[in-house]
Amino acid sequence: MSTDHRRLGIIFFPAYDWAIDATHPEREERLLYTQDQLREEGIFDLPGISEHKPEVATAGMIERVHFCIPEVDAVTTPSHLIAAGGAVTAARLVMEKKVDRAFAMVRPPGHHAMKVVHGNRGFCSLNNEAVLVEYLREECGVRRIAIVDTDCHHGDGTQDIYWHDPEVLFISLHQDGRTIFPGTGFVRENGGPNAIGATVNIPLPPQTGDEGFLTVMERVVLPILEAFKPEIVINSAGQDNHYTDPITNMSFSAAGYARLNEMLNPHIAVLEGGYAIQGALPYTNLGICLAMAGHDFSAVREPDYDPERLRQSARVSEYIDTLCAQVMELHRRPPAPAGTPGEFAVRDKSIYYDTDGITEEQTERVLICRACAGLRIIETRASSFPLSICIEIPFAACRSCREAGEKHLREAKNSLRYRLIKLIDRPGKNVESFSDQDVSPRSKYFF
Amino acid sequence: MLLGIDVGGTHTDAVMIATNGIHAAAKVPTDHEDLLASVNAAIGEILRDVDPDAIRQINLSTTLTTNAIIEEKLEPVGMLVTGGPGIAPGHYTIGRHFHLLRGAIDHRGTEQEPLPDAELDAAVEACRAAGVRVFGAVTKFSPRNPVQEEQIVRRLQPDADFISIGHTLSGRLNFPRRVATAFYNSAVWRAYIDFIDAVETGVRKHGISARMDILKADGGTMPAAVSRTVPVQSILSGPAASIMGIVALCDIDEDAVILDIGGTTTDIAVFADGAPLVEPDGIAIGGHPTLVRAVITRSIGIGGDSEVVVENGDLRIGPRRRGPALACGGPVPTLIDAGNVTGTAQVGNPTASAAGFRELAAATGIDPEELARRAIARAMEQIRDAAHGLVTELNARPVYTIHELLTGKTLSPRQVYVMGGPAAVLAEPLAQAFGLPVTVPARHAVANAIGAALTRTTMEIELLADTERKELSIPNLDIRQKISFQFTLADAVAAGREHLLAFLRRQQIEDIDDDMIQVVEADSFNMISNYFTVGRNIRVSCQLKPSIRAAYREAVR
Ligand SMILES: [Zn+2]
Ligand SMILES: [Zn+2]
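Residues numbered from 1 in each chain as written. Chains lettered and ligands numbered in written order. Predicted model: local features only at pLDDT ≥ 70, side-chain atom pairs only at ≥ 80, totals over all residues. Heavy atoms only, no water.

### Section: the sheet that holds strand β26 (residues 517–529) of chain B
In a beta sheet, neighbouring strands are held together by backbone hydrogen bonds and run either parallel or antiparallel to one another.
All names here are of chain B.
Then step 1. Reading across the sheet, the 5 strands line up as β25-β24-β23-β27-β26 and stay open at both edges, with antiparallel pairing between neighbours. Looking at strand neighbours, the two that pair on one side only are β25 (479–482) and β26, the edges of this open sheet. The mean angle between the axes of side-by-side strands here comes to 10 degrees, regardless of whether they run parallel or antiparallel.
Then step 2. Both strand β23 (residues 459–466) and strand β24 (residues 471–474) contribute to a ladder of 3 bridges, which runs antiparallel. (Pairing = 2+ DSSP bridges. Helix = DSSP H or I, 4+ residues; strand = E, 2+ residues; numbered from the N terminus. Axes fitted to C-alpha atoms, helices over the stretch in contact; angles between N-to-C directions.)

### Looking at the coordination of the zinc ion (ligand 2)
Residue and element names in this part refer to chain A.
Then step 1. Taken together, the protein ligands of the zinc ion (ligand 2) are Cys369 (SG), Cys372 (SG), Cys398 (SG) and Cys401 (SG), with distances of 2.2 to 2.3 Å.
Then step 2. One can describe the site at the zinc ion (ligand 2) as tetrahedral: its 4 donor atoms subtend angles covering 101 to 118 degrees at the metal.
Then step 3. In the primary structure, the donors to the zinc ion (ligand 2) are separated according to the pattern C-x2-C-x25-C-x2-C. On the criterion of sequence distance, the pair formed by cysteine 369 in the loop between β12 (358–367) and β13 (376–382) and cysteine 401 in helix α12 (residues 399–415) is long-range, its members being 32 residues apart. The same class applies to cysteine 369 as to cysteine 401, namely buried. (Donors = N, O, S within 2.8 Å, 3.2 Å for Na, K, Ca; no water. Tetrahedral: all angles 85-135°; square planar, octahedral: opposite > 155°, others 65-115°. Buried < 20%, exposed > 50% of the residue type's maximum accessible area, 1.4 Å probe, protein only.)

### As for the packing of helix α1 (residues 32–41) of chain A against helix α6 (residues 175–205) of chain B
Pairs of packed helices are described in terms of their axes, by the angle between the two and the distance that separates them.
Then step 1. Axis separation between α1(A) and α6(B) bottoms out at 5 Å; the angle between their running directions is 35 degrees. Taking contact as the criterion, the partners of Arg39(A), Glu40(A) and Glu41(A) in α1(A) are, on α6(B), Phe175(B), Pro176(B) and Arg178(B). (Contact = heavy atoms within 4.5 Å.)

### Description of the packing of helix α8 (residues 254–264) of chain A against helix α9 (residues 281–292) of chain A
Residue and element names in this part refer to chain A.
Then step 1. Two elements in contact, α8 and α9, have axes separated by 8 Å at closest approach and are oriented at 25 degrees. In terms of axis orientation, α8 runs roughly parallel to α9. The two elements α8 and α9 meet at a crossing, and its hand is right-handed. In contact with Ala254, Tyr257, Ala258, Asn261 and Glu262 of α8, α9 contributes Tyr283, Thr284, Gly287, Ile288, Ala291 and Met292. (Parallel < 35°, antiparallel > 145°, perpendicular 65-115°, else oblique. Left-handed = near helix turned anticlockwise from the far one by under 90°.)

### Looking at helix α11 (residues 368–395) of chain B
Then step 1. Between its terminal C-alpha atoms α11(B) stretches 40 Å, which fits the 40 Å expected from 28 residues at 1.5 Å a residue.
Then step 2. Taken together, the buried positions of α11(B) are Leu371(B), Ala372(B), Ala375(B), Ile376(B), Ala379(B), Met380(B), Ile383(B), Ala387(B), Leu390(B), Val391(B) and Leu394(B). (Expected span 1.5 Å × (residues − 1).)

Structure follows, in structure tokens:
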């Protein structure tokens, strides 16, 4: 067991006065028993561990990440801005060297929130990790970042946001999409044409236990991280792989979560899902805190923990062996970059916002580019909002992608086809939103 | 009349206060080897001017437990503890007779693993063999279910002189703090009991039959009878007595900084809307965080006797004290000497101060008076920075609701109150440094004894009602009772107030009104299972805040 303690900052914000609705899993007391456990264990008195208040994310922090339709206020409540702000606070504490590691234990979660936001899906409205990543890139000069998503559900929102970005590695371990929401995250989803290999999906069979998760860490996650050499590693720390979780089918334990975090050693962790609020979260959160702070977690276990009963079957182990080999094969020999630079790659998507009952149809075009993440143009039409267009000139965009972005913005304005025209111009540090009624643009500078 | 006695580090102060004024005051040196003699001497002085029958109430603040802990005069304590799963036992092991037993209780209060009687027997035998007579019985989550603490107590009772029982010390959750609190409580128990017995005997001998309360570090008092089971609560009551003295002497209703400037240090406290702020969890004792609540204070190594040094042309003040001021026959120039030079102070022999500063200034080429002015300004800026640091820290304290995060109060001091020997000398430079009005209360020199005399009982309770289990508990009052499934948050608040008031009445604490009880927290959470509400988890925390006996306020102004 490691004995070198690290300074860990915990941003604990349970939002005791907010719920999606009274019986929804994402409700007031989700972190109540976790707080009881952390307090009773005396976590905040341990050497090096400190507790911090979250900041409230500014509209600028959100608007450089998401296209909120029609605007940030329409799709968020203060709870979302505080959860995203908590993630930023975690990054700020680490970057200002006030702590070595930080854990944003905030709610609601964010990893199902995609680039375009019409509403809430999978309990998420804003992608907390993406807001934090763009803070790191825009305000701290960090370039290479890895997000490892250990929530039981595929982090389809985070994948969507970084699908084309070669500088943000996204690795998701989750229950196989054929058996659970959101139904995506298969091995062959490994990044857009400008970022092949920068997305890694590891869909695990139901009843995967500690052994399976830790095998995947050792054989897949750590080697791929080693090769990518990120400056900052973020754990998108969902805890719904726990064997008691009411909405999933896995067999992971608190000790397993602690060990996973010890192996991953993330700079920053952000709480995602996890709805066994009495039987799992008090123990998984305790384990993760101790592991991140480099304290002994060998005595952390759930009252009903029975390693024999939770042991994964030989069939599951075999399946995972094959899966690891398959993912590493794809990692070592990725397909050649598709398409011709200067042309658009197109994908069509249908998105369902389960919480809000909204359906959305998207056509996304990305300029194939070997020099940057590529100009991204999304046409979106939702059951709640008419056809609109979103243009993103990405972070560190090359000159030709910038020029193409300006040209497409002019064309969109002249076409008169769109209710809303939205622009994120990262190199220009500018976001704009034009409605079809507006004569002059409403421009917002986030710097 | 009320008699307040503060046994301090150097002096023992006593004052006698009636509603029409201060009737007597005494100051005697504190004899560290015999605190009892100091108490008796102070009472003797007071009784020269006052009839013992006129005394209605004695409040005593004593350094006895503080000294016992600092000097490590601690009795061996047998700690019988069940920890169960969680943090490593190394984080809460304390003392040489620490027995970690099997057994576990979870956060809902369910006994997950029993405590085996055989293990308990063996531990008790080991303690008996070692001659241990006082104990601590502490289990994780005992405020949620004290069953294993009660099992330990039953086994110990025939053999123990005293047992500190975890859940009765505080209803707050923090197992390592509960362990340390129980340990120190038992470790000082015998010395404390002997002292209190002797004080009570001495008081009776003086012909006083009044009731006696003991000061705590949170700025309030507890009945002497109660203090016999929680002697650790009497620790560090001195600074709190001084702060309550300021509350009595001034009309404070704003955010304010309180400074107590001594010879070597300055204690800083912060008031929110006129009330002192108390540490939410508790202070550390002997390096161990505990559940003993205390007024929040920070100490900085600057006081009237702090040495003024010129180092490589740079001024430095403190933290060292080499003795009193030059003006009082000391060896080196101090802040008091600086005051003499600038003319704000008239202490002792000013020519000695002037000579000292001439010598200091010679190396710098600065005019001695200017140097003295700069030394004072620098020292006051350091105090200001420490006070600002404390305010920033308090404003950064976590909150747990969106409402508090978005609309919560931000401390912003509007006034500075100063007490202590050098207070008057430093008032003007402090006003300069803080940019705020500075008040030095007229009787600040006896603020500690006035605070001791006039402060009142404090008490806090944590109530948990679980309508799924149909159970209500208030751990530190040892109350557990049945409730119905329909029990509401309003019922819980009413029950909390009622039980707290009933406890106070049982202690014969008079003139407590219902409206003095403050509800600090009142939350009700739905407990859901498979999308159905199966009950409510209700949490209420009530307290009787530190306050001053209003009827006597005018008497001390
Ligand atoms: Zn999830
Ligand atoms: Zn490009």
